[in-house]
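Structural characterization, general
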Amino acid sequence: MTHTEIITILPPAGAIPHPSRYSHSDEDGDRLLISTALLNDGTPGIYFRTDPNGSGVPLTDLDALIAQLHVIAAASRTEAEESAAPSA
């Protein structure tokens, strides 16, 4: 008998990777995702996700990570403003 299992993973609200996201895999394959977040009260935020072991980012990438955090923060503010704007 063959079984087919379908698993659907729905990300939490505000945790869908935005085009401005920062993605990284460290030496042993652990992943890091930083993206926009829209908190339950409509406040813009930044979403962080790693594999269970965490993910290391080399210091040589720190300036790029900080710069991308600013881009993500700006995108998150824009998402929050668009979400709060009344529909036409």
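Keep in mind the model is a prediction, meaning the values are calculated, not measured. (Residues numbered from 1 in each chain as written. Predicted model: local features only at pLDDT ≥ 70, side-chain atom pairs only at ≥ 80, totals over all residues. Heavy atoms only, no water.)

1. Observations regarding the overall build of the protein chain
Of regular secondary structure, the protein chain possesses one helix and three strands. Reading the secondary structure of the protein chain in the N-to-C direction produces β-β-β-α. Relative to its full complement of 88 residues, the protein chain shows a buried share of 26%. Contacts spanning at least 24 positions in sequence make up 48% of the contacts within the protein chain whose residues lie at least 6 apart. As displayed, the protein chain offers around 6600 Å² of accessible surface, 57% of which is attributable to carbon and sulfur atoms. (Helix = DSSP H or I, 4+ residues; strand = E, 2+ residues; numbered from the N terminus. Buried < 20%, exposed > 50% of the residue type's maximum accessible area, 1.4 Å probe, protein only. Contact = heavy atoms within 4.5 Å. Areas by Shrake-Rupley, 256 points an atom, 1.4 Å probe, with all protein chains shown as cover.)

2. Observations regarding the nonpolar core
Core analysis: the biggest nonpolar cluster contains five residues, these being Y22, L32, I34, L65 and I72. Secondary-structure elements contributing two or more residues to this core are β2 (31-38) and α1 (62-84). Excluding its chain neighbours within four sequence positions, the residues that come into contact with L32 are Y22, S23, H24, R49, T50, S55 and V57. (Core = buried A, V, L, I, M, F, W, Y, C linked by side-chain atoms within 4.5 Å.)

3. Re α1
Quick reminder: α-helices carry 3.6 residues per turn. Residues three or four places apart thus point the same way. For α1, spanning 23 residues, the distance from its first C-alpha to its last is 33 Å, which sits close to the expected 33 Å at 1.5 Å a residue. Turning to α1, its buried residues number three or more, namely L65, I72, A73, A75, S76 and A80. Buried positions along α1 lie against β1 (22-25), β2 and β3 (44-50). (Expected span 1.5 Å × (residues − 1).)

4. Re the environment of S20
Along the chain, S20 turns up in the segment before β1. Here S20 falls in the buried class, since its relative accessible area comes to 8%. In the structure, S20 is positioned 56 residues away from S76 in sequence and 9.3 Å away in space, judged by C-alpha atoms. Discounting residues that sit within four places of it in the chain, S20 has contacts with T36, Q68, V71, I72 and A75.

5. Structural notes on the pairing of β1
For a regular strand, the rule is simple: side chains alternate between the two faces of the sheet. Here β1 shows a clear split, with Y22 and H24 buried on one side and none of S23 and S25 buried on the other. The sheet contact formed by β1 and β2 spans four bridges and is antiparallel. Across the sheet, residue S23 finds its bridge partner in β2, namely L33. Once β1 ends, the chain turns through five residues before running back antiparallel as β2, passing G29 with a positive phi of about 90 degrees. (Pairing = 2+ DSSP bridges.)

6. Remarks on the pairing of β3
Where β2 and β3 come together, seven bridges link them in antiparallel fashion. Residue pairing in the sheet places L33 in a bridge with R49 of β3. Counting the residues between successive antiparallel strands, the hairpin from β2 to β3 contains five residues, one of them, G42, with a positive phi of roughly 90 degrees.

7. A short note on the pattern of salt bridges
With the rule as written, the count across this model stands at one salt bridge. Of the charged contacts in the structure, one is a salt bridge between R31 and D51, with a shortest N-O distance of 2.9 Å. Here R31 is found in strand β2, whereas its partner D51 is found in the loop between β3 and α1, with 20 residues between them in sequence. (Salt bridge = Lys/Arg side-chain N within 4 Å of Asp/Glu carboxyl O.)

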